[in-house]
Protein chains: 2
Amino acid sequence: MKKDYKINYVFLMYDIADEESEAGKRRVNKVFKICKKYLTHHQKSVFRGEITPSRLLKLQKELKDVIDEELDFITIIKLKNKESFLEDTIGKKENDMFI
Amino acid sequence: MKKDYKINYVFLMYDIADEESEAGKRRVNKVFKICKKYLTHHQKSVFRGEITPSRLLKLQKELKDVIDEELDFITIIKLKNKESFLEDTIGKKENDMFI
């Protein structure tokens, strides 16, 4: 996808290391709260939604401030818009119990 | 994206409920092994890669046979090809420790 395409939709997937430790739990909660300000929680450690390029930069900066870049890993898949992908699901997405 | 576009690249994200229980562990391992046959493990519970429409159907059928559709949830984001998205990462993706 050419760089100059305006990004309007993203999928964000995060892996926070040692989630069971106190420090890991704190980072997961912080990441979750930050992501919820900008995107919709889709499934465990996956957020999605429409976002402007400028808000995406703000989101990325906030996330960088709270994760441990040596341990944690976040991938952001950037798409032109909601029409630039198709989607299948298997199983039932019940509630928001997955953090 | 119009339905008739041939899908050649996917992101697959899975949430297996009660991962700590024996039954949950078994399902996670089965899902992981099936996904590894078709795609590349990217980060915890996320696979990605190039795949033909027919192999994607096979993958989906195999996954349906092993998950508990009442408890587990899998999302497959289907894209035209590797050029139809951009990608940012934050943090370090070290090893394959995330299953």
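Thresholds applied
- Along every chain, residues carry numbers that run from 1 in the direction the sequence is written.
- Going through the entries in the order they are written, you letter the chains from A and number the ligands from 1.
- The model is predicted, so local features are restricted to residues of pLDDT at least 70 and side-chain atom pairs to those at 80 or more, both for listing and for counting; the totals for chains, interfaces and linings are taken over all residues.
- Water and hydrogen atoms were dropped before computing side-chain values, which therefore reflect all heavy atoms in the structure.
- Elements are defined by DSSP. Helices are runs of H or I of four residues or more, strands are runs of E of two residues or more, and each kind is numbered from the N terminus.
- Working rule for helices: expected span equals 1.5 Å times residues minus one.
- Only protein chains enter the accessibility calculation, which uses a 1.4 Å probe; a residue is then buried when its area is under 20% of its type maximum, exposed when over 50%, and partly exposed in between.
- Arc definition: it is the arc formed by the directions from the helix axis to the C-beta atoms.
- Any pair of residues with heavy atoms lying within 4.5 Å of one another is described as a contacting pair.
- Inter-axis angles, ranging from 0 to 180 degrees, are taken between N-to-C directions of lines fitted to C-alpha atoms, where helices are fitted over the stretch in contact.
- Should an angle fall under 35 degrees it is called roughly parallel, over 145 degrees roughly antiparallel, and 65 to 115 degrees roughly perpendicular, with every other angle called oblique.
- Under the scheme applied here, ten amino acids are nonpolar (Ala, Val, Leu, Ile, Met, Phe, Trp, Tyr, Cys and Pro), four are charged (Asp, Glu, Lys and Arg), and all others, including Gly, are polar.
- Should DSSP find at least two bridges between two strands, the strands are regarded as paired.
- Accessible area, probed at 1.4 Å, shrinks when two parts are joined; the buried area is that loss added up over both.
- A pair is scored as a salt bridge if a Lys or Arg side-chain nitrogen falls within 4 Å of a carboxyl oxygen belonging to Asp or Glu.
- The term polar contact refers here to a pair of N or O atoms within 3.5 Å; inside protein, the definition further demands a hydrogen-donor-capable atom paired with an acceptor-capable atom, and it admits residues adjacent in sequence only when both atoms are side-chain atoms.

Draft legend 1. The arrangement of helix H2 (residues 53-66) of chain B in detail. Taking 1.5 Å as the rise per residue, H2 of chain B with 14 residues should run 20 Å; its terminal C-alpha atoms sit 21 Å apart, in good agreement. Considered for burial, the residues of H2 of chain B that qualify are Leu56, Leu59, Gln60, Leu63 and Val66 of chain B. Relative to the axis of H2 of chain B, the buried residues are bounded by an arc of 130° and lie together on one face. In H2 of chain B, the exposed positions that point more than 90 degrees away from the buried face belong to Leu57, Lys61 and Asp65 of chain B. Looking at the buried residues of H2 of chain B, the elements they touch are strand S5 (86-91) of chain A together with strand S1 (9-15), helix H1 (22-38) and strand S4 (73-79) of chain B.

Draft legend 2. Broad picture of the packing of helix H1 (residues 22-38) of chain A against helix H2 (residues 53-66) of chain A. Residues and elements named next belong to chain A. Look at H1 against H2: their axes get within 10 Å of each other, and the N-to-C directions meet at 170°. Looking at the two axes, H1 sits roughly antiparallel to H2. Residues Arg27, Lys30, Val31, Ile34, Cys35, Lys37 and Tyr38 of H1 lie in contact with H2, whose contacting residues are Arg55, Lys58, Leu59, Glu62, Leu63 and Val66. Its residues assigned to classes, the contact of H1 with H2 comprises seven nonpolar, no polar and six charged.

Draft legend 3. Spotlight on the pairing of S4 of chain B. All names here are of chain B. S4 sits mainly inside the fold: seven of its seven residues count as buried. What you see with S4 is no split at all: Phe73, Thr75, Ile77 and Leu79 on one side and Ile74, Ile76 and Lys78 on the other are buried throughout. In the sheet, S1 pairs with S4 via seven bridges, with the strands oriented antiparallel. Bridge pairing links Met13 to Thr75 in S4.

Draft legend 4. Summary view of the sheet that holds strand S5 (residues 86-91) of chain B. Taken in spatial order, the five strands line up as S2(A)-S3(A)-S1(A)-S4(A)-S5(B) in an open sheet, and their pairing is antiparallel. Of all the strands in the sheet, the pair left with one neighbour each is strand S2 (40-43) of chain A together with S5 of chain B. When strand polarity is set aside, the average angle formed by the axes of neighbouring strands in this sheet is 25°. Bridge count between strand S1 (residues 9-15) of chain A and strand S3 (residues 46-50) of chain A: five bridges; the pairing is antiparallel.

Draft legend 5. Representation of the interface of chain B and chain A in the model. Counting residues at the interface gives 42 residues for chain B, matched by 42 residues for chain A. The largest share of the area that chain B buries against chain A comes from Phe73, Leu86 and Ile90 of chain B, three residues that together contribute 21% of it. At the junction of chain B and chain A, the tally comes to four salt bridges. The interface formed by chain B and chain A holds 26 residue pairs in polar contact (both at pLDDT 80 or more) in total. If you list the elements that add at least two residues to the side of chain B that touches chain A, you get S1, strand S2 (40-43), H2, S4 and S5 of chain B. Here the side of chain B that touches chain A is composed, by residue class, of 20 nonpolar, seven polar and 15 charged. Note that S5 of chain A and S4 of chain B share six bridges and pair antiparallel. Within S4 of chain B, the residue paired with Asp88 of chain A across the bridge is Ile76 of chain B.

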